[in-house]
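# Tertiary structure, described
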Amino acid sequence: MKQNKPIAVFDSGIGGLTVYRELKRRLPGENFIYLGDTARVPYGTKSADTIVKYSLQNAEFLVSLGIKMLVVACNTASSYAMEALVDRFDMPIIGVIPSGVRRALKLTASGRVGVIATESTVQSGSYQKLLAESRPGVEVAARACPLFVPLVEEGWLDHSVTRQVSEVYLRPLAEAEIDTLILGCTHYPMLKQMIGEVLGPSVQLVDSAEALAMEIEGILTSLSLEHKGGDAEAPDAFYVTDSIPRFQRVAGIFLGRELANIRQVDLQFLPRQEA
Ligand code: DGL
């Protein structure tokens, strides 16, 4: 039965665990397979062609495991690879950008929305374009915050260095008088508290992971794909393309618990799967 199959989530590395965490919280009855492309992270500084190529390889591997839905947790991959993925694979494929945009437009009163993301996501204009198409006249201030990724992976969520970096990155957005900020990178929800403190209560934060998880619940129901079994049948499986120990250690920071069932896979030597 299709419903019993797992939902696959892929990310450039570890950050997509923020999406996995939200999905698991909202859909405890589902089984998940997570792939973190830890050998090739970061995607956020890479070219469009490379991001598309890696994303297709990730998806091919996951589809070969027998899944019912593919979630692209990585904002950078969602910015560049959705079209290629949807063209190649015949299954529901969901990226993070549209749900973040919809949520931000629901929340903003002033129509001034900020986006923070990786360099490549900001350069792609994915958030900016979809915001403008969905609500003409919206003003968007976008800013790349590349240092947030290593700071989060270091576990410096409440560190004075992270606060200083946040103040520098977020100043132009505060000056643009945004009232809503999209956290457009997998790692940034981990800094929600710090970013909230720096920007103050007049700015509402949109956690794309949360927004996505809410929408996926609805999509599963509308496609009659929901499943209420969960871990009792098969524990969630985690795949990484680099060695396991670092992923396991940093996963503890993201999830607040130790992950089991992690395996290493080499995507470059896998036979090409037919979708
Ligand atoms: N997962 C990436 C994203 O959400 C951040 C890390 C990277 O640069 O690969 O854009």
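All of the points below concern the structure found in this document.

Bringing the overall build of the chain into the picture now. Secondary structure summary: the chain contains 12 helices and 10 strands in total. Along the three orthogonal principal directions, the C-alpha set of the chain runs to about 50 × 40 × 35 Å. Split into buried and exposed, the 275 residues of the chain put 53% on the buried side. Long-range pairs, those at least 24 residues apart, make up 77% of the contacts in the chain with a sequence separation of at least 6. Here the chain contributes 27 positive and 32 negative side-chain charges, whose respective centroids are spaced 2 Å apart.

Pairing is parallel in the open sheet, where 4 strands are placed in the order 6-5-7-8. Both outer strands of the open sheet, strand 6 (139-144) and strand 8 (204-207), are each paired with one neighbouring strand and no more. When the angles between neighbouring strand axes are averaged without regard to direction, this sheet yields 20°. Summarising the sheet, strand 5 (residues 112-117) and strand 6 pair through 6 bridges and their orientation is parallel. Residue pairing for strand 6: isoleucine 116 is matched across the bridge by arginine 143. Sitting on the sheet, helix 11 (residues 208-222) is in contact with strand 7 (180-184) and strand 8, with an inclination near 55° to strand 8.

Moving on, we get to the environment of cysteine 74. Note on placement: cysteine 74 falls in the loop between strand 3 (69-72) and helix 3 (75-80). C-alpha separation for the pair cysteine 74 and glutamate 22, spaced 52 residues apart in sequence, amounts to 14 Å. Apart from residues no more than four positions distant in its own chain, cysteine 74 is found in contact with Phe10, Asp11, Ser12, Tyr43, Val96 and Thr186.

What counts, and where the lines are drawn
Residues numbered from 1 in each chain as written. Predicted model: local features only at pLDDT ≥ 70, side-chain atom pairs only at ≥ 80, totals over all residues. Heavy atoms only, no water. Helix = DSSP H or I, 4+ residues; strand = E, 2+ residues; numbered from the N terminus. Buried < 20%, exposed > 50% of the residue type's maximum accessible area, 1.4 Å probe, protein only. Contact = heavy atoms within 4.5 Å. Lys, Arg positive; Asp, Glu negative; His and termini not counted. Charge placed at Lys NZ, Arg CZ, Asp CG, Glu CD. Pairing = 2+ DSSP bridges. Axes fitted to C-alpha atoms, helices over the stretch in contact; angles between N-to-C directions.

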